Amino acid sequence: MKILIVEDERSLALEIEAFMMKAFYLCDLAFTAKVAQQKMLDSKYDFILLDLGLPDLDGLRLLELAKKSCPDASYIILTARGDLEDRIKGLDLGADDYLAKPFSLLELQSRMQAITRRKSGLKDSMVPLGDFSVDLSKRVICFNNQVIDLSRKEYDLLSYMLLHKNRPLTRLQLSEHIWGNFADDDYDSNYIDVHVKNIRKKLTAFAPVEWLQTIRGVGYKIKVEA
Amino acid sequence: MKLIAKLTLFNTVSKLAIVLLFVSLLPLLVNEILSQYTNHYLRQQKEKVLAEVQQKGIDYYLQGQESYGSYTMLKEEYISLEPDANATYRDTIETSPRVIEDDTLSYRVLRHVFETSNKKYVLEVGRTTGTIGRYSQPLQRLALSVLTGLIFLTLLIDLVYTRIILKPLNTIISRRILNARFPFKDAAPPVKTTTSDFVYLDRCLVDLMKKIKDAFDKEREFTSNASHELMTPISILQNKFENLMVHGDVSEEIQEKILAMMNTLNRLKKIVRSLLLISRIENDQYAKTETINIYRMIGEVMDELSDRVEAKNLKLTIDIPLNMEVRGVNHDLIFQLFYNLINNAIRYNKENGSISIMAKKTQQGPCIVTVEDTGIGIQREELDTIFNRFKKSRRSSEDGYGLGLSIVKSIADYHSLDIQVSSVQEEGTTFIVGFP
C-alpha cells in the first residue's frame, strides 16, 4: 500500500509518515500542492491524505484536479478549518472520508482500513483472534462458527483493538473512536472499562481471553503473535 | 401605538374638541350677532324718521295731533313720537315690555330724544324680541352642519395626507427592520422620500446594518482562522504523543507520563472544540432547514447511550408520540442538545435510578420535550448559572470545565427554543425544552 501525504505542516506530515511506516505503508510526502501534483503524475497511490489548507492552492481545488490524474486512489481530507461546508464539498468532490484535526493516527488508520475493505469487497474477511475468529464484513465475532452476542459498541471496541493489535491503547483513544466528538474526558473513559469487562465476560464463557490485556495505568492491548 | 394611529387620534380628538367648543358658544354668538344686527336696524329706522322730520317737519307725522304712533300689522315693529319736556338727551337701547292695544309684548326699544320747533320729542323705535330670536335656530343649525361638513373634510384630508407622508417610514420599518434577517445580505436600495428625516433614518439604518455585517464577517473569519491556528499545534502534539507511546525505548513508567500529557492535551482540545462549536452556532453557520422526528431523534441518541443506562442499571421511560415532528432545525445540533441533556441525566444519576423522556404537543407550540432524572440534582444557587460558560459547578468539578450545558444553551438560543430547568437536590433534575 502506498500513501501520498499532502500536508504543509512539516512536523505533522512527518508524524503521519512515521506512524504509517510502522504500519507497513509506503509513504511519500508533499508540502505543497505543486509537488503533490508532480508526485501524482510520477507514481500511483492507494491513498492520498489531503490537507485543505495548502499555501499554494485550495485543497478542494487540488482534490478536483487529483481525481482526474489519480482516479483510483482513495482520498481522505484532513483539515483544521472545520468548516461544515468544506466537509460537504469535499465528499461531493469524491473524497472517501473526512477527518477534522486534531485526529488520532489510530483513527486515521482505522478509516483507511474501512475504505480498503469497502472498496476491495473482500469476501474472506475472517481474522483469527485466539480461539475466536472475527468476521470483519459481518461485524461479528465467532467461536467455532457460533456467533457471540456482543453489543455494537463492544464489537467496535474489539475490532479497533484488533486493528491496532500489540499496541497499548489508552481509554481516551478508545472512547474517541467509539463516541467520536461526543467523547467526554475521563467520564467516558470509565465506560471503556465497563465495555471491556463485558467483552471479557461474554468471551470467557467460550474460551480464555488472555490475549486481551489490561495495561495498568494506561489502557488495554490485544496481544497476538504476528 | 403606531405613529399614524397617534396622529389620526390626535387630529380627531382636537377637531372634536373644537366642534364642542363651537357648539357651546354658538347660541351666544348667534344671539350676539342678532342683537347687534337689531340695534343697527333700529338705528337705521331712527335715522330715517329723523331725516323725514328734518325734511318735512314734525307735522308730517303728528298731523296736528299731540303724539304719533304706528305699528305693523302683527305688532312686530312700532314707531312712536311723543312730546316730553322733561326728557334727557340720552339714547338708550333696551329690552322692555310695551302695551299695544292691550297686548303686552317684549320689545327691543331704541329711545331717542330730539328737539324740533322748540319742543322736545321722544322717539321710540321698537321690534319684538320674538322677531329677533326667530333666526337664531336656523342660523345655528346651518352653522353647525357647515362646520360638521368641513371638519369631516379636513379629517379625511389629514388622514390621507398623513398616510402619504408616513408611507416611507413604513417602508423603512418593513424593509430594514421587520424583513431584515441576520445575517444581513446586501442592503436593499434606499427608500424614496422627500422627507429629509426619513432619508437620514434610512441611511443610518443601512450604515448600521453594514457595520454589523462587517463585524459578523470578521468574527466568522476569525473563528475559521482561530480554529486552524489552534487545532494544528494540538494535532501535531497529539500525533507526536501517539507515536511516542509505542516507541521502543519507552518504559511503562514513561508511558504513564505520556498518557497524562495526552489527557491534558485532550482537555485542551475539548475546550477549544467546544468554544469553536459555540462560536460557529452563534455565527449562524448551521443551516436550519431540516425536519426531525422527535421519537426517532431520541432513539438515535439512546443508541449511543443505552450501554450507559444499562451499566448504571437505570430505569428508562420514553413517552413520545411516534409522529411528532419539528421543522426548520439543524439535525446535528438538536442531536447534540439531546445527547448532552440525556448524557447528563445518566451521568449525574444514582445507581438504580430512573430517567424519563417525555414529549407532548401543547397549544402554544409544536411540542415540549422533558428530560427528567432522579440524580443528585443541582444546588439552588447554581441553577441560574449552569448555562454560563466556564462556570465551575459541583457537577463538573471532577473533570474541570463543563461546557456541555453552554452548548445546550447556544443551540437552544440559535433555534429560539425555550429551555427551563428545575431541580431538587438529591432528588433529581428536570430539563424542559420547548420548541416554538
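One can find the structure itself at the top, above this paragraph.
Residues numbered from 1 in each chain as written. Chains lettered and ligands numbered in written order. Predicted model: local features only at pLDDT ≥ 70, side-chain atom pairs only at ≥ 80, totals over all residues. Heavy atoms only, no water.

Caption draft 1: Main features of the overall build of chain B. A count of helices and strands for chain B gives 9 helices and 12 strands. Going through the 436 residues of chain B one by one, you find that 42% of them count as buried. For chain B, restricting intrachain contacts to residue pairs at least 6 apart in sequence, the fraction spanning at least 24 positions comes to 68%. Roughly 25400 Å² of accessible area belongs to chain B as shown, and the carbon and sulfur atoms make up 56% of that amount. (Helix = DSSP H or I, 4+ residues; strand = E, 2+ residues; numbered from the N terminus. Buried < 20%, exposed > 50% of the residue type's maximum accessible area, 1.4 Å probe, protein only. Contact = heavy atoms within 4.5 Å. Areas by Shrake-Rupley, 256 points an atom, 1.4 Å probe, with all protein chains shown as cover.)

Caption draft 2: Highlighting the pairing of strand 3 (residues 92-100) of chain B. All names here are of chain B. The pairing of strand 3 with strand 4 (residues 103-116) spans 9 bridges and is classified as antiparallel. Each residue of the ladder has a partner; that of I93, found in strand 4, is L110. Hairpin connection between strand 3 and strand 4: a loop of 2 residues separates the two successive antiparallel strands, and E101 in this loop has a positive phi of roughly 50°. (Pairing = 2+ DSSP bridges.)

Caption draft 3: A look at the interface of chain A and chain B. Each partner contributes to the interface: chain A provides 44 residues, whereas chain B provides 40 residues. Applying the counting rule to chain A against chain B returns 4 salt bridges. As a salt-bridge pair, E176 of chain A and K269 of chain B come within 2.8 Å of each other at their nearest N and O atoms. Summed over the shared surface of chain A and chain B, the result is 12 residue pairs in polar contact (both at pLDDT 80 or more). Listed by contribution, the elements that provide at least two residues to the side of chain A that touches chain B are helix 1 (10-22), helix 5 (105-120), helix 6 (152-163), helix 7 (171-179) and helix 8 (185-204) of chain A. Broken down by element, the side of chain A that touches chain B gets its largest block of residues, 7 residues, from helix 1 of chain A. (Salt bridge = Lys/Arg side-chain N within 4 Å of Asp/Glu carboxyl O. Polar contact = N/O pair within 3.5 Å; in protein donor to acceptor, adjacent residues only side chain to side chain.)

Caption draft 4: View of the pattern of salt bridges. Scanning all chains against the criterion turns up 31 salt bridges over all chains. D51 of chain A is the partner of K101 of chain A in a salt bridge, and the nearest nitrogen-oxygen pair spans 3.3 Å. Placement of the pair is K101 of chain A in the loop between strand 5 (97-100) and helix 5 and D51 of chain A in strand 3 (residues 47-51), with a sequence separation of 50 residues. Residue class for K101 of chain A comes out buried when judged on its relative accessible area of 4%. Judged by relative accessible area, which is 1%, D51 of chain A ranks as buried. Notably, a salt bridge pairs R152 of chain A with E304 of chain B, separated by 4.0 Å at the nearest N-O pair. With R152 of chain A in helix 6 and E304 of chain B in helix 7 (residues 294-311), this pair bridges two chains. The class of R152 of chain A is partly exposed, set by a relative accessible area of 46%.

Caption draft 5: Expanded view of the side chain of Q255 of chain B. Following the sequence through the fold, Q255 of chain B ends up in helix 6 (residues 252-282). Residue Q255 of chain B is classed as buried on the basis of its relative accessible area, which comes to 10%. A distance of 3.2 Å separates a polar atom in the side chain of Q255 of chain B from the backbone oxygen of M245 of chain B. Setting aside chain neighbours within four positions, we find Q255 of chain B in contact with P168, I215 and V218 of chain A together with M245 and V250 of chain B.

Caption draft 6: A nonpolar patch on the surface, seen in detail. Residue and element names in this part refer to chain B. Side chains of L142, V146, L150, L153 and I157 sit close together on the surface and give an oily, nonpolar patch of about 490 Å² of accessible area. When you line up the elements, L142 lands in helix 4 (residues 136-178). Accessibility expressed as a relative area gives 54% for L142, which makes it exposed. (Patch = residues over 30% accessible without salt bridge, like charges linked within 9 Å, V, L, I, M, F, W, Y side chains within 5 Å.)

Caption draft 7: Structural view of the sheet that holds strand 7 (residues 315-319) of chain B. Residue and element names in this part refer to chain B. The mixed open sheet is built from 5 strands, whose spatial order is 7-9-10-12-11. One side of each edge strand has no neighbouring strand; the edge strands of this open sheet are strand 7 and strand 11 (418-424). Ignoring which end each strand starts from, the neighbouring axes of this sheet average 10° apart. Sheet topology note: the strand 10 (residues 368-373)/strand 12 (residues 428-434) ladder contains 5 bridges and is antiparallel. Looking at the pairing, V369 lines up with V433 of strand 12. The strands that helix 8 (residues 331-347) touches are strand 9 (354-360), strand 10, strand 11 and strand 12; relative to strand 10, the one it contacts most, it runs at about 20°. (Axes fitted to C-alpha atoms, helices over the stretch in contact; angles between N-to-C directions.)

Caption draft 8: Quick look at the sheet that holds strand 5 (residues 119-128) of chain B. All names here are of chain B. Spatial strand order, 1-2-5-4-3: 5 strands in an open sheet with antiparallel pairing. Strands with a single pairing partner mark the edges of an open sheet, and in this sheet they are strand 1 (68-71) and strand 3. If you compare each strand with its neighbour and ignore which way they point, the axes differ by 25° on average. The sheet contact formed by strand 4 and strand 5 spans 10 bridges and is antiparallel. Bridge pairing links V113 to V122 in strand 5. Most of the contacts of helix 1 (residues 3-56) go to strand 4, to which it runs at about 45°, and overall it touches strand 2 (77-83), strand 3, strand 4 and strand 5.

Caption draft 9: Seen up close, helix 1 of chain B. All names here are of chain B. Compared with an ideal rise of 1.5 Å per residue, which puts 54 residues at 80 Å, helix 1 spans 75 Å between its outermost C-alpha atoms and is within 8% of the ideal. Taking the largest bend as the criterion, helix 1 deviates by roughly 45°, centred on L26, and proline P27 comes between one and four positions later. Within two residues after helix 1, G57 carries a phi angle of roughly 85°, on the positive side. (Expected span 1.5 Å × (residues − 1). Bend = angle between axes of the 7 residues up to and from the residue.)

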